[in-house]
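# A structural walkthrough
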Amino acid sequence: MALKPSEGELALLSGQDVLSSKTLTYEQLQLIMKTAAYYEDALVNKRRLFDMEGEIAAILFFEPSTRTRLSFEAAMYRLGGSAITVSETPQMQTSSTAKGETLYDAMRVIDGYADVIVVRSPKTGAGQESADACDHPVINAGDGTGQHPSQALLDIYTILKEHGHIEGLKVAVLGDLKYGRAPHSLVYFLKHYGCDLVLVSPPQLKMPEEITAEMRSAGIKVEETSDLKIGVAEADVLYVTRVQRERFPSLEEYELVKDSYTVNDEVVAAAKKGMSILHPLPRVHEIAVSVDSYPGAAYFRQAHNGVPIRMALLALTTGNVR
Ligand code: NCD
């Protein structure tokens, strides 16, 4: 049975924002993993929880989402709390942003309605901007091409569950490494574990130089290639991402790279035995549907891991793990 973290451990995140994987410490990362396992145990054993009874989470999505928004809401309800939500896209606004209200003003108001705030925005830096306006903890659920720390946390949790450890693994990250905030967040966490990184992307969609430089200076072996076969060879984990159409300056540039890779049965057959395949989802066509029946295809299990991870984040940041 998973143990509840100690009071000393819980203090590491109480009252804190979670904005970027860059700034979370290894100790905080470990605490989130431990708390998620504790909550997963309660979910599996159908133990009802009241850790956040009487608390409200404001869940504000200014960009499309299925998994992240619904798993944050499910997490809040599983903890006995409630959620108030805004869900809109720049094309279809329903909140006062349609009247020209700034994010800062909206956040200052919403801070008075809730105990914790979860925000997704197309604007890089929106998590920090929201945190500047709020006294309550803010969780960044994706800011433009910036960061998506709760996704990366569930990715780490999934690798740990699938493989039992991360140290010594070869992790291949494939796809849109330029615009994808999920891979940007993930590699900062991988830096804490002694694993080798293989970054596979078309030349136009390479991981930003400042991120690879930071990985290398942390002692991580980083290989970069545009060749899927080379990238997958010897990988223990294959993390696949979608080409982020909405972030391209023009549709023509997207069209050039949109079908760069497809992980299909042939790719899986040539892979190392026991390789796991992860994807933050949604997939477009970068993983063939036939791959779903491969035992290492972990992406749907990965999506489900979002609930205990987000329960941990909500309860830890508000100091409510009971
Ligand atoms: C990711 C995102 O929004 O950045 N999705 C998610 O949260 N599961 C990845 C993506 O949209 O490609």
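Residues numbered from 1 in each chain as written. Predicted model: local features only at pLDDT ≥ 70, side-chain atom pairs only at ≥ 80, totals over all residues. Heavy atoms only, no water.

### Some points on the side chain of Glu63
Mapped onto the secondary structure, Glu63 falls in the loop between strand 1 (56-61) and helix 3 (67-78). By relative accessible area, Glu63 is classed as buried at 8%. Within the structure, Glu63 has its side chain in polar contact with the side chain of Arg247 (distance 2.8 Å). Leaving out residues up to four positions away in the same chain, Glu63 has contacts with Glu88, Thr89, Arg120, Ser121, Pro122, Arg181 and Arg247. (Helix = DSSP H or I, 4+ residues; strand = E, 2+ residues; numbered from the N terminus. Buried < 20%, exposed > 50% of the residue type's maximum accessible area, 1.4 Å probe, protein only. Polar contact = N/O pair within 3.5 Å; in protein donor to acceptor, adjacent residues only side chain to side chain. Contact = heavy atoms within 4.5 Å.)

### Topic: unusual backbone geometry
Cis geometry marks the peptide bond from Leu281 to Pro282; its omega dihedral reads 5°. Within the fold, Pro282 resides in the loop between strand 9 (276-278) and helix 12 (299-304). One non-glycine residue, Glu234, adopts positive backbone phi at about 70°. Secondary-structure assignment places Glu234 in the loop between helix 9 (228-232) and strand 8 (237-240).

### Focus: the site of the ligand
Lining the immediate surroundings of the ligand are Arg67, Thr68, Arg120, His148, Gln151, Arg181, Arg242, Gln244, Pro280, Leu281 and Pro282. Arg242 places a polar side-chain atom, nitrogen or oxygen, 2.8 Å from an oxygen atom of the ligand. Between the ligand and the protein, one listed contact pairs a nitrogen atom with a backbone N or O atom of Pro280 at 2.9 Å. Surface burial for the ligand is 94%, taken as the share of its 320 Å² of free accessible area covered by protein chains. Residues belonging to the shell around the ligand are distributed by class as follows: three nonpolar, four polar and four charged. Split by domain, the residues of the shell around the ligand number at least three in each of domain 1 (7-147 + 305-318) and domain 2 (149-303). (Near = heavy atom within 4 Å. Areas by Shrake-Rupley, 256 points an atom, 1.4 Å probe, with all protein chains shown as cover. Nonpolar A, V, L, I, M, F, W, Y, C, P; charged D, E, K, R; others polar. Domains from an automatic or database assignment.)

### A look at the nonpolar core
Among the nonpolar cores identified, the biggest contains 65 residues, and Ile32, Tyr39, Leu153, Leu190, Leu197, Ile309 and Leu314 are the most heavily contacted of them. Setting aside its immediate chain neighbours within four residues, Ile309 contacts Ile32, Met33, Ala36, Ser150, Leu153, Leu154 and Tyr157. In terms of nonpolar packing, the next biggest core, distinct from the first, is built from 23 residues, Val200, Val240, Ala271 and Ala297 among them. (Core = buried A, V, L, I, M, F, W, Y, C linked by side-chain atoms within 4.5 Å.)

### Section: the domain arrangement of the protein
In terms of domains, the protein is made up of domain 1 (7-147 + 305-318) and domain 2 (149-303). A C-alpha centroid distance of 24 Å is found between domain 1 and domain 2. Residue-level contacts link 35 residues of domain 1 with 27 residues of domain 2. Overall, the association of domain 1 and domain 2 removes approximately 2,500 Å² of surface from exposure, summing both partners, and the carbon and sulfur fraction of that is 57%. Scanning the region where domain 1 abuts domain 2 turns up 18 residue pairs in polar contact (both at pLDDT 80 or more). Put simply, the parts of the chain that give the side of domain 1 that touches domain 2 at least two residues each are helix 2 (26-44), helix 3, strand 3 (116-121), strand 4 (138-143) and helix 13 (306-317). (Buried area = accessible area lost by both parts, 1.4 Å probe.)

### Quick look at the environment of Arg67
Mapped onto the fold, Arg67 is located in helix 3. Counting along the chain gives 73 residues from Arg67 to Asn140, while the straight-line C-alpha distance between them is 14 Å.

### Side note on the sheet that holds strand 7 (residues 222-225)
One open sheet holds the five strands; their spatial order is 7-6-5-8-9, and the pairing between them is parallel. Bordering the open sheet on either side are strand 7 and strand 9, each of which pairs with just one other strand. The mean inter-strand angle of the sheet, taken between neighbouring strand axes irrespective of direction, is 20°. Here strand 8 runs beside strand 9; their pairing, made up of three bridges, is parallel. The residue of strand 9 that forms the bridge with Tyr239 is Leu278. (Pairing = 2+ DSSP bridges. Axes fitted to C-alpha atoms, helices over the stretch in contact; angles between N-to-C directions.)

### Regarding the pattern of salt bridges
With the rule as written, the count across this model stands at 15 salt bridges. In this structure, Glu73 and Arg69 form a salt bridge, with 3.0 Å as the shortest nitrogen-oxygen distance. Taken together, the residues Glu73 and Arg69, both in helix 3 and four residues apart, mark about one turn of the helix. The class of Glu73 is buried, set by a relative accessible area of 14%. For Arg69, a relative accessible area of 17% gives the class buried. A salt bridge links Lys123 to Glu129; its shortest N-O distance comes to 2.8 Å. Assessed through its relative accessible area of 42%, Lys123 is described here as partly exposed. In the salt-bridge network here, residues are joined through shared partners; they are Glu63, Arg181 and Arg247. (Salt bridge = Lys/Arg side-chain N within 4 Å of Asp/Glu carboxyl O.)

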